[in-house]
2 protein chains.
Amino acid sequence: MKLISDLRELLTPEQVSVNETVLEHHSRDESYHTPQKPDVVVFPHSTEDVVKVITYANQHEIPVVPYAIGSSLEGQVIPIHGGISLDMSQMDKILEIRPDDFLVHVQPGVTKDQLNAELARYGLFFSVDPGANASVGGMAATNASGTTTVRYGVMRDQVRALKVVLPDASVITTGSLAAKSASGLNLNGLFVGSEGTLGVFTELWLKVYGLPEAAVAVRATFSTIEQCVKASTAIMGAGIPVTRIELADALIVAAINRYKGVDYPVAPTLFLEFQGAKKSINYDVELAVSIMQDEGMSHVEIVKDEASRRRLWDSRHVAALAFRASVPGKEQMATDICVPLSKLPEAVLDATKTIEEYHVHGAVVGHVGDGNYHTVLLVDPNDEDEMQRVAAVNAHLVQFSLQCGGTCTGEHGVGLGKKKYQALEHGESLRLMKAIKHLLDPKDLMNPGKLVDD
Amino acid sequence: MKLISDLRELLTPEQVSVNETVLEHHSRDESYHTPQKPDVVVFPHSTEDVVKVITYANQHEIPVVPYAIGSSLEGQVIPIHGGISLDMSQMDKILEIRPDDFLVHVQPGVTKDQLNAELARYGLFFSVDPGANASVGGMAATNASGTTTVRYGVMRDQVRALKVVLPDASVITTGSLAAKSASGLNLNGLFVGSEGTLGVFTELWLKVYGLPEAAVAVRATFSTIEQCVKASTAIMGAGIPVTRIELADALIVAAINRYKGVDYPVAPTLFLEFQGAKKSINYDVELAVSIMQDEGMSHVEIVKDEASRRRLWDSRHVAALAFRASVPGKEQMATDICVPLSKLPEAVLDATKTIEEYHVHGAVVGHVGDGNYHTVLLVDPNDEDEMQRVAAVNAHLVQFSLQCGGTCTGEHGVGLGKKKYQALEHGESLRLMKAIKHLLDPKDLMNPGKLVDD
């Protein structure tokens, strides 16, 4: 195949693979979406390599889909039109750490755990914390967030500057190293969350934070999921600076117990974390616990030592995985709506009712401090009836969210799975999004068929 | 004139003015930039009114420049090509306050003081705090920030959703009411900071915050400006959650003393504020004061009662005005660079040296927690030699900032004054900004000649 030999000549033979296992690996992500193999997988080592590949792809009109860890949850990395899977995982260098500026300069293949391990040596950490050990490039591409967003914000809030190879193979730098800027149009924010449809990130400058003096985790059990959500909303309303405030329903807790060999009370649970100066957080924990008592909390564990705290968050992180393992042979479809805070209790109740109504294997877990929660729905992609019921739950929840001013996706992104809701959510502004995509990528080669692309 | 009679017919006669005083009022902002009168001033009362005006302007290819308070600092509201000054100040309704969602729905002509007065009744406040009592529409247009940005972020961080009339007179809504979203391209962030060049905002949903339990202000005096900046950087490095941390040099303090009839020690000064739970902030204040002592603080006043605290911040807010009043008959050119935190001490020293070298009336004031500071330079626009020297200081400071990865404008925006630095700061990405402007406004009618527009 000419494509392969051309690419091997452009880069090196080792950077271009058509090995069946490698193609298979790049055909899927963590979701239920139908896998599709790329024609070839290319491993760039530099911005120059990416420019070469994009130049070639442009000349020959070949689709290019950026890839790194493959932990996307809506099919973002699946090359539905074949072409080149551009695997950025070998561009995994931490280029510079600047402790005095609270900044780090990285390549896109760096993973969050890799980054945090290195930052810890400087007393620093990177705040965005999705479940998977995602790459920072992928996290920027999907505007990832997760458990700590309630305190530190989403990925877009951390990206200070980007080096981007555009679809025409020109290279631009967006943003600056300043903490704030009113200069020019905000391209940084436009590229973050563009899911590889507007270009390929080859360098990122990210904001990092000083490790707190102390951290305290709290696991609190309630009789009903409604009590959990109300307690969470009350804590947020009181302005307590929680670092994490996470909900898991009884099914999730049971699955965690089995999966991690722990013994948490099987009931709706809030996992919370407080970080800061020791004196301040003790006061915050006290106040939060008293609020939760008022809302009907039945059991609480306050975790202060580092090892136990890590175990607790490890348990929370494997929640979806543990639930998936509880019903073998199923794939996962996760809903991801995010609603205004006051609508959250109603939204979660409506979700649990809807899951029951449609007889779906589903559980609820979420970042309730942001008004964002997931139902983890287990589905056999070959079971058409089950697929339809799961899709109906998803559609119902999205409708609920949009009707109260929310979004169809708080953090998983659009990819393939939320494309059908873009017109409903964005109305007339979808036309402008499409026009911007067309302006940058008139041949529609960068991750075609995703996000706002027909 | 047909333009006038047409507009009067489209809206009502009272909404269209060619009164000489009104035209004069809309010819200038708070800066040194040369005034230019519009042909007509139009006062819309609704989105529909704006659509009518934009449709007409589009048909007849007439420039439209949005206006509200006129407090811009880089000529953003000056209609340099004449046409329509679209005065949004009569669209000043607070449409809805949602305390449980920490959201407020407003028209663009609402001013920050008006908004905060109303929010206080709900125990809430709006965080962005520029010197002037700006309109929220104008603040969104320039991505305003100010004293509290170090804690709460810039205007872009507060804008949840926008209703925008585009240059083709179509109406879109960007964003959602959710605290976070990964849905579609980030148009919200693109419009914020677009300085009226991409459309007219007619409604905004803004994030607001609960009023803190307590607030403490601190005024700390040092022997040198270098000590001030080092103390500020050390406080930020220690991760103390200051709400404000502001620098004023001795000239500014002397001007404040005269202007406000106060008696602060005439020396480089830091103004700080701490907000939160009473117990937590006492601890924070203690720690900050001890850091400042280490850096050579010579005098400190800790202000806890509300009236004195307000007086202190009122003094800080009038700093530029007070300095301008100290040399009558001059206009103000403010530099506005923002550099990575570690470069700030060097940057401020370089600025004071440069002001001396060029024999300019200049003083230093700034939001040092963000790495953003202003030199307030007083100039007679008719004195060509002085204008050149002031321009040279501005250019020197911008060069310094860009060389260390900073920006030419942290918060005042580009308007007319920082256009000449856009190519240097943004390089190749300026081409993309211009392409986006052209995509939305092919006839170049929305605030022509500003931001990235030639």
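Residues numbered from 1 in each chain as written. Chains lettered and ligands numbered in written order. Predicted model: local features only at pLDDT ≥ 70, side-chain atom pairs only at ≥ 80, totals over all residues. Heavy atoms only, no water.

> A description of the overall build of chain A should follow, citing residues and the corresponding values.
For chain A, the helix and strand inventory stands at 17 helices and 18 strands. Whereas a compact globule of 454 residues would reach a radius of gyration of roughly 22 Å, chain A reaches 22 Å, a difference of no more than 12%. Here chain A holds 454 residues, and the buried ones make up 63% of them. Taking the intrachain contacts of chain A between residues at least 6 apart in sequence as the baseline, contacts between residues at least 24 apart amount to 71%. Counting every atom, chain A has about 15,900 Å² of accessible surface; 50% of that belongs to carbon and sulfur. With 40 positive and 57 negative side-chain charges, chain A shows a spacing of 3 Å between the two charge centroids. (Helix = DSSP H or I, 4+ residues; strand = E, 2+ residues; numbered from the N terminus. Rg over C-alpha atoms; globule rule 2.2 N^0.38 Å. Buried < 20%, exposed > 50% of the residue type's maximum accessible area, 1.4 Å probe, protein only. Contact = heavy atoms within 4.5 Å. Areas by Shrake-Rupley, 256 points an atom, 1.4 Å probe, with all protein chains shown as cover. Lys, Arg positive; Asp, Glu negative; His and termini not counted. Charge placed at Lys NZ, Arg CZ, Asp CG, Glu CD.)

> Give a detailed account of the packing of aromatic side chains, specifying residues and quantitative values.
Residue and element names in this part refer to chain A. Within this structure, the stated rule accounts for 10 aromatic pairs over all chains. Centre to centre, the rings of F125 and Y152 are 5.4 Å apart; their planes meet at 80 degrees, and the pair counts as edge-to-face. Residue F125 is located in strand β7 (residues 124–125), and its partner Y152 is located in helix α6 (residues 149–152); the two are separated by 27 residues in the primary sequence. You can call F125 buried: its relative accessible area is 12%. One aromatic cluster is present, built from ring pairs that chain together F125, Y152 and Y209. (Phe/Tyr/Trp six-rings, centres within 6.5 Å; stacked < 30°, edge-to-face > 60°.)

> Explain the relation of the copies chain A and chain B to me, using residue names and the numbers behind them.
For the pair chain A and chain B, the relating rotation is 180 degrees, the translation along its axis is 0.0 Å, and the fit reaches an RMSD of 0.0 Å. Both copies of the chain, as the preceding transformation shows, are related through a two-fold rotation axis. For chain A, the residue whose C-alpha comes nearest the rotation axis is A:S280, separated from it by 2.5 Å. (Least-squares fit on C-alpha atoms with pLDDT ≥ 70 in both.)

> A description of the UniProt feature "domain: FAD-binding PCMH-type" (unreviewed entry) in chain A should follow, citing residues and the corresponding values.
Mapped onto this structure's residue numbering, the UniProt feature "domain: FAD-binding PCMH-type" (unreviewed entry) falls at residues 34–211 of chain A. Secondary structure within residues 34–211 of chain A divides into 24% helix and 25% strand; the distance between the first and last C-alpha atoms comes to 41 Å. (UniProt positions renumbered as here; feature names shortened; annotations may be inferred.)

> Before we move on, could you go through the sheet that holds strand β4 (residues 84–87) of chain A and cite the residues and values that matter?
Paired through backbone hydrogen bonds, the strands of a sheet run either parallel or antiparallel to each other. All names here are of chain A. As summarised here, the arrangement of the four strands in space is β1-β2-β4-β3, forming an open sheet in which the pairing is mixed. Whereas interior strands pair on both sides, the edge strands pair on one side only; in this sheet they are β1 (16–17) and β3 (64–67). Two strands pair when backbone bridges link them, and β1 and strand β2 (residues 40–42) are joined in this way by two bridges, in the antiparallel orientation. Among the inter-strand pairings, S17 is bridged to a residue of β2, identified as V41. Packed on one face of the sheet, helix α3 (residues 47–60) meets β2, β3 and β4 and runs near 170 degrees to β4. (Pairing = 2+ DSSP bridges. Axes fitted to C-alpha atoms, helices over the stretch in contact; angles between N-to-C directions.)

> Would you mind going over unusual backbone geometry in detail, with residue names and values included?
All names here are of chain B. In this structure, F102 is a non-glycine residue whose phi angle is positive, near 50 degrees. Of note, F102 is situated in the loop between β5 (94–98) and β6 (103–106). On the accessibility criterion, F102 (18% relative accessible area) is buried. Notably, N143 is not glycine yet its phi reads approximately 50 degrees, a positive angle. Tracing the backbone shows N143 in the loop between α5 (136–141) and α6 (149–152). The exposure class of N143 is buried, given its relative accessible area of 2%.

> Let's hear about the sheet that holds strand β4 (residues 84–87) of chain B: which residues, and what values?
All names here are of chain B. Spatially, β1-β2-β4-β3 is the arrangement adopted by the four strands of the open sheet, whose pairing is mixed. Of all the strands in the sheet, just β1 (16–17) and β3 (64–67) have a single pairing partner and so form its edges. Pairing analysis gives four bridges linking β3 to β4, with the strands arranged parallel. Opposite P66, over in β4, you have L86 as the bridge partner. Across the face of the sheet, helix α3 (residues 47–60) comes into contact with β2 (40–42), β3 and β4 while running at roughly 170 degrees to β4.

> Hey, could you go over helix α14 (residues 344–357) of chain B for me, with residue numbers and the actual values?
Residues and elements named next belong to chain B. Along its 14 residues, α14 runs 20 Å from first to last C-alpha, staying within 8% of the 20 Å computed at 1.5 Å per residue. Along α14, the residues that are buried comprise L344, P345, A347, V348, D350, A351, T354 and I355. Remark: H359 follows α14 within two positions and exhibits a positive phi of approximately 50 degrees. (Expected span 1.5 Å × (residues − 1).)

> Can you tell me about the packing of helix α11 (residues 278–294) of chain A against helix α11 (residues 278–294) of chain B, naming the residues and giving the values?
When two helices pack together, their arrangement is captured by the angle between the axes and the distance separating the axes. Between α11(A) and α11(B), whose axes approach to 9 Å, the crossing angle comes to 175 degrees. As judged from the angle between their axes, α11(A) and α11(B) are roughly antiparallel. Together, A:K279, A:S280 and A:Y283 of α11(A) and B:K279, B:S280 and B:Y283 of α11(B) make up the contact between the two elements. Of the residues in the contact of α11(A) with α11(B), the class split is two nonpolar, two polar and two charged. (Parallel < 35°, antiparallel > 145°, perpendicular 65-115°, else oblique. Nonpolar A, V, L, I, M, F, W, Y, C, P; charged D, E, K, R; others polar.)

> So what's going on with the interface of chain A and chain B? Residues and values would help.
Contacts between the two partners involve 76 residues from chain A and, on the opposite side, 76 residues from chain B. Between chain A and chain B lies a buried interface of about 5,400 Å² when both sides are counted; carbon and sulfur atoms form 62% of it. By the criterion of area lost to chain B, the three top residues of chain A are A:K180, A:A182 and A:L185, representing 15% of everything that side buries. Linking chain A with chain B are four salt bridges. With a shortest N-O distance of 3.7 Å, B:D370 and A:K180 are connected by a salt bridge. Taken together, the links from chain A to chain B amount to 30 residue pairs in polar contact (both at pLDDT 80 or more). When contributions to the side of chain A that touches chain B are tallied by element, the ones reaching two or more residues are α7 (155–158), β9 (171–175), α8 (187–191), α9 (225–237), α11, α16 (422–426) and α17 (429–440) of chain A. Looking at the side of chain A that touches chain B element by element, the count peaks at eight residues for α17(A). For the side of chain A that touches chain B, the class distribution of residues is 30 nonpolar, 30 polar and 16 charged. (Buried area = accessible area lost by both parts, 1.4 Å probe. Salt bridge = Lys/Arg side-chain N within 4 Å of Asp/Glu carboxyl O. Polar contact = N/O pair within 3.5 Å; in protein donor to acceptor, adjacent residues only side chain to side chain.)

> Which residues make up α11(A), and what values go with them?
What sets the pattern is the α-helix's 3.6 residues per turn: residues three or four places apart point alike. Across its 17 residues, α11(A) extends 25 Å between first and last C-alpha, which sits within 8% of the 24 Å expected from 1.5 Å per residue. Of the positions making up α11(A), those classed as buried are A:S280, A:I281, A:Y283, A:D284, A:V285, A:A288, A:V289, A:I291 and A:M292. Residues of α11(A) that are buried sit in contact with β12 (214–221), α9, β14 (269–276) and β15 (299–303) of chain A together with α11 of chain B. Count one or two residues on from α11(A) and you reach A:G296, which has phi positive near 100 degrees.

> Give me the nonpolar core: which residues, what numbers.
Counting 80 residues, the largest nonpolar core has A:F191, A:L206, B:F191 and B:L206 as its most contacted members. Look past the residues within four positions of A:L206 in its chain and what remains in contact with it is A:F102, A:L103, A:V104, A:V106, A:L115, A:F126, A:V136, A:M155, A:Q158 and A:V159. In this structure, B:I245, B:V285, B:M297 and B:Y421 belong to the second largest nonpolar core, which totals 51 residues. (Core = buried A, V, L, I, M, F, W, Y, C linked by side-chain atoms within 4.5 Å.)

> Lay out the pattern of salt bridges in plain terms, naming residues and giving numbers.
Counted by the stated rule, this structure contains 56 salt bridges over all chains. Of the charged contacts, one joins A:R309 and A:E273 as a salt bridge, the two residues approaching to 2.4 Å between their closest N and O atoms. One end of the pair, A:R309, is in helix α12 (residues 306–317); the other, A:E273, is in strand β14, with 36 residues separating them in the sequence. In this structure, A:R309 and A:E273 share a single accessibility class: buried. B:E20 is the partner of B:K37 in a salt bridge, and the nearest nitrogen-oxygen pair spans 2.3 Å. Highlighted residues: B:K37 in the loop between α2 (20–25) and β2 and B:E20 in helix α2, separated in sequence by 17 residues. Several salt bridges share partner residues, and in doing so they unite A:K112, A:D113, A:D129, A:R244, A:E273, A:E306, A:R309 and A:R310 into one network.

> Please give an account of the environment of B:C404 that cites residues and values.
One can find B:C404 in the loop between α15 (384–403) and α16 (422–426). Once residues within four sequence positions are removed from consideration, B:C404 is found in contact with B:V339, B:P340 and B:K343.

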